[in-house]
Amino acid sequence: MATGDFWELLRSRYNELTRSGRRVADYLAQHSEEAQYLSISALGAACGVAEATIFRFCRALGFTGYNEMKIALARANAAPGAAFRYELEPGTDTATLCTHASAVALEAIHGTRAALDPAAVDAAAALLQNARQVYCFGQGGSQLLANDIWARFASVCNKFHTAGDSHMQTICASLMGPGDVVLYVSYSGSTRDMMETLHVAKSNGAAVLLFTHNAASPGAALADVVLLCGAPESPVDSASIAAKIAVLFAAEVLE
C-alpha cells in the first residue's frame, strides 16, 4: 500500500464497518500518533473492544493482520503534512543528524525516568535480592538486552542466568520453582513465545519481573513487577537504539 493511502482507505470503507469497527476507526482518527505504538491488546482496551474485533477491523480494510495495519498507519503518519517525530529529510547534514540522535536518546532517558515508578523499582530490587535464581530472557533484539542485563548482574552475583532461544527458555521455566525469578525484556509485552514461557514459570511458582513499554500488555498483567521504559518506537523503526537505551537505563536504576 502506498504511503498515505491508509486514511483514504479508512474513509472509503468506513460505512461498511460494524459499529465496533467504526469505534476503532474513530479512535485511530483521533489518536493516530499514539495508536501506532499500541499492541493489539492495548488498542482493544483503548477502544473498549475485544482483540478479535481489532483483527476483523484489519481484515475489513484489506490487511492480513494487525502488524500490517499498524505499519500502514505509521507510514501514513510519516507522510508529508503528518507529524512524525523521527522523520528526517533526505540529505540532512551530519551535524543535524548528531543533534537529532542526541535528542532521541535523551528523550528515551527522560521518558523512562518519568515512567518509572519508584515503588516498582524498590519491589523489583527486593525481588532480585531475595531470589534463589534469576533468569534473564527476551526474544530477538530483546534477548540481546537481556544478555546485557545478565552480564551486568552476573559480575556481582552468581545466581543470574540466561538462555539463548525460546525453546531453551521454556525448558528453564519448566524447571523453576518458588524463589526463582524470570527477568523478561519485551517492548510490546505481548509476544506469544514470551507468554508461553511466563505461564510455565508462573505455574511452577516463579515470580516475573517485566521490562516493557506497554503497561496494558498481557505480559504486564501476568508479571509480579513491571518496570516501564518510556521510549516510543514506530512500527517502521522497530528495535531502535532509543528503545534499547530506555531498557538499559531502567536496568541501571535497578542495579
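Remember, it's a predicted structure, so these values are computed and weren't measured experimentally.

A.B. asks: Before we move on, could you go through the sheet that holds strand β5 (residues 225–228) and cite the residues and values that matter?
C.D. replies: Read from one edge of the open sheet, 5 strands run β2-β1-β3-β4-β5, paired in parallel fashion. Both outer strands of the open sheet, β2 (160–162) and β5, are each paired with one neighbouring strand and no more. Each strand axis lies, on average, 20 degrees off the axis of its neighbour in the sheet, ignoring direction. Bridge count between strand β4 (residues 207–212) and β5: 4 bridges; the pairing is parallel. Within the sheet, the bridge partner assigned to F211 lies in β5 and is L227. Along the sheet face, helix α9 (residues 141–154) touches β1 (133–138), β2 and β3 (180–185) and points at about 155 degrees away from the line of β1. Sheet contacts for helix α11 (residues 192–203): β1, β3 and β4; angle to β3, the most-contacted strand, approximately 165 degrees.

A.B. asks: Explain the packing of α9 against helix α13 (residues 241–254) to me, using residue names and the numbers behind them.
C.D. replies: For the pair α9 and α13, the least separation of the axes is 10 Å and the interaxial angle reads 25 degrees. Classed by the angle they form, the pair α9 and α13 counts as roughly parallel. Considering the relative orientation of α9 and α13, their crossing is right-handed. For the pair α9 and α13, contact is made by L145, D148, I149, R152 and F153 and by K244, V247, L248, A251, E252 and L254, respectively.

Basis of the calculations
Residues numbered from 1 in each chain as written. Predicted model: local features only at pLDDT ≥ 70, side-chain atom pairs only at ≥ 80, totals over all residues. Heavy atoms only, no water. Pairing = 2+ DSSP bridges. Helix = DSSP H or I, 4+ residues; strand = E, 2+ residues; numbered from the N terminus. Axes fitted to C-alpha atoms, helices over the stretch in contact; angles between N-to-C directions. Contact = heavy atoms within 4.5 Å. Parallel < 35°, antiparallel > 145°, perpendicular 65-115°, else oblique. Left-handed = near helix turned anticlockwise from the far one by under 90°.

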